[in-house]
Amino acid sequence: MSWHSIRIVKGSGGYGGPLTITPTEQKHKFIYVTGGERPSIVDKIERLTGMKAVDGFKTAIPDEETALAIIDCGGTLRCGIYPKKGILTVNVLPTGKSGPLQQFIHPEIYVSAVGDKQITLTDETAAEPIAEEVTAEKPKYETGKSITTQTQHKSIIAKIGVGAGKVVATFNQAAKDSVQTVINTIIPFMAFVALLIGIIQGSGIGNIFAKLMSPLAGNVIGLCVIGFVCSLPFLSPLLGPGAVIGQVVGTLIGVEIGKGNIPPQYALPALFAINTQNGCDFIPVGLGLEEADAKTVEVGVPSVLYSRFINGVPRVIVAWLASFGLYAK
Amino acid sequence: MHYITDFASGFMNLFQTGAKTFIGWMSSIVPVVLLLLVLMNTIIAFLGEERMEKIAKASSRNVLTRYMLLPFLAAFMLGNPMSFTLGRFMPEFYKPSYYAAMAQFNHTSNGVFPHINPGELFIWMGIAQGVQKLGLNTMDLAMRYLLVGLVMNFIGGWVTDLTTAFVCKSSGVTLSKKVALSSKSAETEQA
């Protein structure tokens, strides 16, 4: 069996790359974890390289045998998980550095907005990632640490100083991480949702939508219908990615609550109704994080989809019962 | 001419309405969530992940701790998506169920503790902002969201045990219900 190298560049609006993928004796499989259908690039890569494609929703392959991961992530989790594991990642969507794991997304390991046209055969072979061996030469003082953290016998004052320094540094690092999270994930979504609200309220769409949404979201039967539809096992993986649909529908219901078209106590069952598909797109990746066997993934995907379907409507009803007395005047 | 100016001002109105909403959130939600994130991230950095792993090992035996206590703590301590990694201490059979419960805890606790899942905050915030607009306290809603979640996510995990058994039966696969005490490498060899 002969394998060929391919080169993948970013598509329009994409990020990262170009990546060169060279199948080897050990790495000659690649995984695709996309909600729903198989993207056409999977076929193309299979044809060009001679590698075997594996559907991540059906089965799993060990990380060290994975040459490539193909995903369709809008910027929440998946786009960072494979780069974090050190697996070359191809995103079908034009997602850049984003999500909670964005620090692992680099142009050397990740490329996005990839279609058929971005994939070409190449003669070059990918350089094997050489593990950087740090030679163990130990100078008297490490340059990375201050002298106070290195001296063997600490005086009490030094101990207090070091302790306080550690507390401050931990807080400071936490603050840096938090600001990054806010800038990279919360504020972009807020801008998108705020624009959506502007369009809904400023144009006439809001009134049409209110007529459509109020009877659905303003009573328990309608909410059960929403929850039922979202939990249908063939639909739920498609509604999941990035929780975008749930977040948009939630915002639309929120706008109607704010306008007084839907009573506020329905907020509680609505929270459950819009999210019965919770995590259905993420099952193989989540089970991967749990270090589950391939067999467990095969069983786990349909199992969780079924249990979401069984639970979906009861969750809405229980939430509705629990909403009695909420915001009662 | 009249119509054109009307159209133009109507068009701009869409963005002005959106901008007002945006800056409202920027001055109300963002600072609160940010400061909360700072404190939570600090606490988590001090407690450390090793302690969570010990709790995870102890919790895998009992159905209540497995699908209620552990996922709740994991969501609080590790958030989305790292909370899933604690599932590696579960026997294979229970991993899908832990996933099912865990994914939901990453949302239902998000109203009270937005540091858990800031990337998907608007599942909660989208609806809560409407309640906030009416001048009501969203914490009432957040508490009930958390409590209903606590019960129903547990049931969700439990039901997944049944569906896993069903799928196993129909596909002829057997998964171990015993905790694999061996290390990771031994597990993958088995597979």
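Residues numbered from 1 in each chain as written. Chains lettered and ligands numbered in written order. Predicted model: local features only at pLDDT ≥ 70, side-chain atom pairs only at ≥ 80, totals over all residues. Heavy atoms only, no water.

> Looking at this structure, how should I read the UniProt feature "modified residue: Phosphocysteine" (unreviewed entry) in chain A?
Residue and element names in this part refer to chain A. Mapped onto this structure's residue numbering, the UniProt feature "modified residue: Phosphocysteine" (unreviewed entry) falls at C73. Here C73 lies in the loop between strand 5 (66-71) and helix 2 (78-85). The exposure class of C73 is buried, given its relative accessible area of 4%. Those residues within four positions of C73 in sequence are excluded, and the remaining contacts are R78, C79, N91, L93 and T95. (UniProt positions renumbered as here; feature names shortened; annotations may be inferred. Helix = DSSP H or I, 4+ residues; strand = E, 2+ residues; numbered from the N terminus. Buried < 20%, exposed > 50% of the residue type's maximum accessible area, 1.4 Å probe, protein only. Contact = heavy atoms within 4.5 Å.)

> For this particular structure, what's the right way to read the UniProt feature "transmembrane region" (unreviewed entry) in chain B?
Residues and elements named next belong to chain B. Taken from the UniProt record, the annotation "transmembrane region" (unreviewed entry) applies to residues 22-47, 67-86 and 145-168. Between the end C-alpha atoms of residues 22-47 there is a gap of 35 Å, over a span that is 100% helix and 0% strand. Helix makes up 100% of residues 145-168 and strand 0%, with an end-to-end C-alpha separation of 33 Å.

> Hey, could you run me through a nonpolar patch on the surface in this one?
A cluster of nonpolar residues, I221, V225, F228, V229, Y306, F309 and I310 of chain A together with F166 of chain B, forms a patch on the protein surface that exposes about 730 Å² of accessible area. Contributing elements (two or more residues each) for the nonpolar patch: helix 5 (220-231) and helix 10 (294-322) of chain A. For the nonpolar patch, the element with the most residues is helix 5 of chain A, which contributes four residues. (Patch = residues over 30% accessible without salt bridge, like charges linked within 9 Å, V, L, I, M, F, W, Y side chains within 5 Å. Areas by Shrake-Rupley, 256 points an atom, 1.4 Å probe, with all protein chains shown as cover. Salt bridge = Lys/Arg side-chain N within 4 Å of Asp/Glu carboxyl O.)

> Just to check I follow, could you spell out the packing of aromatic side chains for this structure?
Working definition: an aromatic ring pair is given by the centre-to-centre distance plus the angle between the planes. This structure, assessed with the given rule, holds 15 aromatic pairs over all chains. On the numbers, 5.0 Å between centres and 20 degrees between planes, the contact of F84 of chain B with Y99 of chain B is stacked. In this pair, F84 of chain B is assigned in the loop between helix 3 (63-78) and helix 4 (95-108) and Y99 of chain B in helix 4, connecting sequence segments 15 residues apart. Of the two residues examined, F84 of chain B and Y99 of chain B, each falls in the buried class. Through pairs of rings, three or more aromatic residues link up here, namely F272 of chain A together with W124 and Y145 of chain B. A cation sits over an aromatic face here: R66 of chain B above Y94 of chain B, 3.7 Å from the ring centre. (Phe/Tyr/Trp six-rings, centres within 6.5 Å; stacked < 30°, edge-to-face > 60°. Lys NZ or Arg CZ within 6 Å of the ring centre and 35° of its normal.)

> Where do I start with the sheet that holds strand 6 (residues 89-91) of chain A in this structure?
Through backbone hydrogen bonds, the strands of a sheet pair up, either in parallel or in antiparallel fashion. All names here are of chain A. An order of 4-3-5-6-7 is seen for the five strands of this open sheet, with the pairing classed as parallel. This sheet does not close on itself; its edge strands, each paired only once, are strand 4 (52-55) and strand 7 (110-111). Of the strands in this sheet, strand 3 (29-33), strand 5, strand 6 and strand 7 are in contact with helix 2, which crosses strand 5 at around 170 degrees. (Pairing = 2+ DSSP bridges. Axes fitted to C-alpha atoms, helices over the stretch in contact; angles between N-to-C directions.)

> Before we go on, may I ask you to explain the state of the cysteines in this structure?
What makes a disulfide is a covalent bond joining the sulfur atoms belonging to two cysteines. Residues and elements named next belong to chain A. Per the counting criterion, the structure on display carries zero disulfides over all chains. Here C230 stays unpaired: no disulfide links it, and the sulfur of C280, its closest cysteine neighbor, is 10.0 Å away. Using a relative accessible area of 12% as the deciding quantity, one classes C230 as buried. (Disulfide = S-S within 2.5 Å.)

> Explain the packing of helix 3 (residues 156-202) of chain A against helix 5 (residues 122-133) of chain B here, please?
When two helices pack together, their arrangement is given by the angle between their axes and by how far apart the axes lie. Packing of helix 3 of chain A against helix 5 of chain B leaves a shortest axis separation of 12 Å and a crossing angle of 50 degrees. It follows that helix 3 of chain A is oblique to helix 5 of chain B by the angle criterion. The interaxial crossing formed by helix 3 of chain A with helix 5 of chain B has right-handed handedness. Taking contact as the criterion, the partners of F189, M190, V193, I197 and Q201 of chain A in helix 3 of chain A are, on helix 5 of chain B, F122, Q129 and K133 of chain B. Partitioned by chemical class, the residues of the contact of helix 3 of chain A with helix 5 of chain B number five nonpolar, two polar and one charged. (Parallel < 35°, antiparallel > 145°, perpendicular 65-115°, else oblique. Left-handed = near helix turned anticlockwise from the far one by under 90°. Nonpolar A, V, L, I, M, F, W, Y, C, P; charged D, E, K, R; others polar.)

> Which parts of the structure should I look at to understand the confidence of the model for chain A?
Regions with low pLDDT should not have their predicted coordinates read in detail. Residue and element names in this part refer to chain A. Here chain A averages 79 in pLDDT, while 87% of its residues score no lower than 70. The weakest mean pLDDT in chain A belongs to helix 4 (residues 205-217) at 74; the strongest belongs to helix 8 (residues 267-273) at 92. Low pLDDT, under 50, characterises residues 129-138; the stretch is placed with zero contacts to residues that sit more than four places away or in other chains. (pLDDT = per-residue confidence, 0-100.)

> Explain the nonpolar core here, please?
Buried together is how nonpolar side chains tend to be arranged in soluble globular proteins. Counting residues in each nonpolar core, the largest one holds 114 residues, and the members touching the most others are I253 of chain A together with L86, W124 and L141 of chain B. Here this core takes nine residues from helix 6 (residues 138-171) of chain B, the largest share from any one element. Sequence-distant contacts of L141 of chain B, that is, excluding residues within four places in its chain, are made with A267, L268, L271, L326 and Y327 of chain A together with W124 and V131 of chain B. (Core = buried A, V, L, I, M, F, W, Y, C linked by side-chain atoms within 4.5 Å.)

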